[in-house]
Structures are given as C-alpha cells and as structure tokens.
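Listed below are the residues making up each chain.
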Amino acid sequence: MKFTKMHGIGNDYVYVNCFKETVENPKETAIKVSDRHFGIGSDGLILIKPSQAADFEMEMYNADGSRGEMCGNGIRCVAKYVYEKGLTDKKEISVETLGGIKYLKLDVRDGIVESVCVDMGQPEFLPARIPVEAAGEKVVSEPIQAAGKEYWMTCVSMGNPHCVIFIDEIKDLDIEKIGPVFENHPRFPLRINTEFARVIDRHTIQMRVWERGSGETLACGTGACATAVAAALNGLTEEEVTVRLLGGDLKIRWDRQEDKVYMTGPAAIVFDGETV
C-alpha cells in the first residue's frame, strides 16, 4: 500500500489515495499504521476517495480504529494532497465527510498549497445532536463532575462532538489523567473530544486537546473551531481569534450572520512511502 504522511500543525495522519489503492480493513489498518513504535506513527488514517456528492470524499479513522466524522487539520491536508498530486487543478473544492460536505479555498503559490481556508459549516448546539446528556437547547458554562472535581463545560458539534473547558492554566494540566475521564464520561453517549482552553485576550486562545480515540494530539481543527465558538458564546472573546495549539496556530472566524465557522491554517507533506 502506497501512502503519504502529512500533518496540519502537528496533527498527523497517514493518507491513502483510494483512486489507486484499496484498503480492505481500514479499522485494522488505522491501528497498525498509527503505532508510533511498530508502525508509521500517526494520529490516524485518512482515505481519499471518489465521491458522487462532492469533488472528493475523506474517510477518517482514529488511532484506535474508530471512525471519525470530521478532522479540520486532516481536511486541509486532503486539499494539499489532491492539488499537489494532480487529482485536481481547482483552487476551490468540496470534500464529503461524515460530518457533511465541506468547502475549501486553497492559497496556492508557485504550485504549492501554502494554506487552506475551510468553511466548517454551522456549529450545532442542540444537546441531542452533539450528543450530550443535558436539558435545554444549549450547554453553555454548565457544571460537570469529573475525576472528583467540578468543571464548567460548553458543548458544540462541528461535525463531531466537543466539550470545551475554560481554565486558568493548561500548561501543567495532567491531561493524560483527566482526558480519558471526559472522553468516557456517561454524559457523552458517543464519547467526546475535550478542549482545555485558556483565554489570553479578546483575540487569542491557548488550547490543549484530548481527542476521542487518539488521546492528546498536537492540534485539532474542529476543536479549535468549537473552542472559538464557545469562547464567543461565553462572552470571553470576539468572533475572530487565533487559537494557539501545541503544534501551531489556527485562525478561526465565526460569522454569526451566516452562522458559519471558517478555519485557516497550513498543511504539510512529511514523506511518501509504501508498506510491505
């Protein structure tokens, strides 16, 4: 199987061109290739496939083999791949995901995709559609008990479920301990991605993320979008912010009039290879 390893600000995946390759068991393959000691090493597996509804389809699997609905960093890499590998010459493309069809604009310079702006669509707040066990139409700064402590969560779906926790300090957070507690909390029937965020100022947020099925990653695009929306909902920031993640920065803009979230960031190719 031929593959390409890519990353979006450190959120790395193994990409397979399914116009040419066939992956018989993607769940098992995702587990094998993601292993950082005995495999290629990644946060998961992304298959680039033909689509009848869009220009391409992105089929995403987490490191534990579970299927993911959407990946913001991953979809930017898909855009870079299909353009630079000659699958398209368009600078505006659509990509089908389990989280819906996403629309992307490529910033191309001298044949290289420098950055990608993704229309991430409408944020979802209705608890049943995230899903989260809660009453009312939104979960905004609502208490939750985890690991013997009370936190205040805001829940948003950006095609996949997110729980955003605003805290004063994230540098020394024991995320390996608290992350799995949130991921498997009974209030989240399909598990959850959890963002631990610190607001620096009205235009800047620092964030760490525990991703469902992958653990802590260097970045999460949908998580950055959910965090920006949650911060604005709580009156902590403006609607356009820079989200600082361990792997780099993302520009997030929530257009409340359109009720759409736009994410802009880079994508990088690490290497091409072939499994034996």
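Residues numbered from 1 in each chain as written. Predicted model: local features only at pLDDT ≥ 70, side-chain atom pairs only at ≥ 80, totals over all residues. Heavy atoms only, no water.

The biggest cluster of nonpolar side chains holds 54 residues, and the ones touching the most others in it are L104, L106 and I252. Ranked by the residues each element gives to this core, the list is headed by helix 4 (residues 221-233), at 8 residues. When sequence neighbours within four positions are dropped, the list of residues in contact with L104 reads I75, A79, K91, E92, I93, V95, V116, C117 and V118. Grouped together as the second largest cluster of nonpolar side chains are 20 residues, V139, I167, I192 and W210 included. (Core = buried A, V, L, I, M, F, W, Y, C linked by side-chain atoms within 4.5 Å. Buried < 20%, exposed > 50% of the residue type's maximum accessible area, 1.4 Å probe, protein only. Helix = DSSP H or I, 4+ residues; strand = E, 2+ residues; numbered from the N terminus. Contact = heavy atoms within 4.5 Å.)

Evaluated as defined, the whole model comprises 6 aromatic pairs. Summarising the aromatic geometry, the rings of F3 and F271 are spaced 6.0 Å apart at their centres and angled 75 degrees between planes, so their arrangement reads as edge-to-face. In this pair, F3 sits in strand 1 (residues 2-8) while F271 sits in strand 18 (residues 268-274), placing the two residues 268 residues apart along the sequence. For F3, a relative accessible area of 8% gives the class buried. With relative accessibility at 35%, the residue F271 sits in the partly exposed group. A connected cluster of aromatic rings, assembled from ring pairs, spans Y151, F182 and F196. One residue, K138, lies across the ring of F125, its end atom 4.9 Å from the ring centre. (Phe/Tyr/Trp six-rings, centres within 6.5 Å; stacked < 30°, edge-to-face > 60°. Lys NZ or Arg CZ within 6 Å of the ring centre and 35° of its normal.)

Summarising the element assignment, A231 is placed in helix 4. Spatially, the C-alpha atom of A231 lies 8.6 Å from that of I205, the residues being 26 residues apart in sequence. Among all residues touching A231, those that are not within four sequence positions of it are F166, I205, L236 and T237.

Locating E69 in the fold gives a position in the loop between strand 5 (67-68) and helix 2 (72-84). Along the sequence, E69 and E114 sit 45 residues apart, while their C-alpha atoms lie 25 Å from each other. Apart from residues lying up to four places away in sequence, E69 is in contact with T97, L98, G99, G159, N160, P161 and R212.

The subject of this paragraph is the pairing of strand 8 (residues 112-121). Along any regular strand the residues' side chains alternate between the sheet's two faces. The buried fraction of strand 8 is high, at 7 of 10 residues. Examined bridge by bridge, strand 7 (residues 100-109) and strand 8 share 7 bridges and lie antiparallel to one another. Along strand 8, the bridge assignment pairs L104 with V118. Hairpin connection, strand 7 to strand 8: the antiparallel pair is bridged by 2 residues, and D110 has positive phi, about 55 degrees. (Pairing = 2+ DSSP bridges.)

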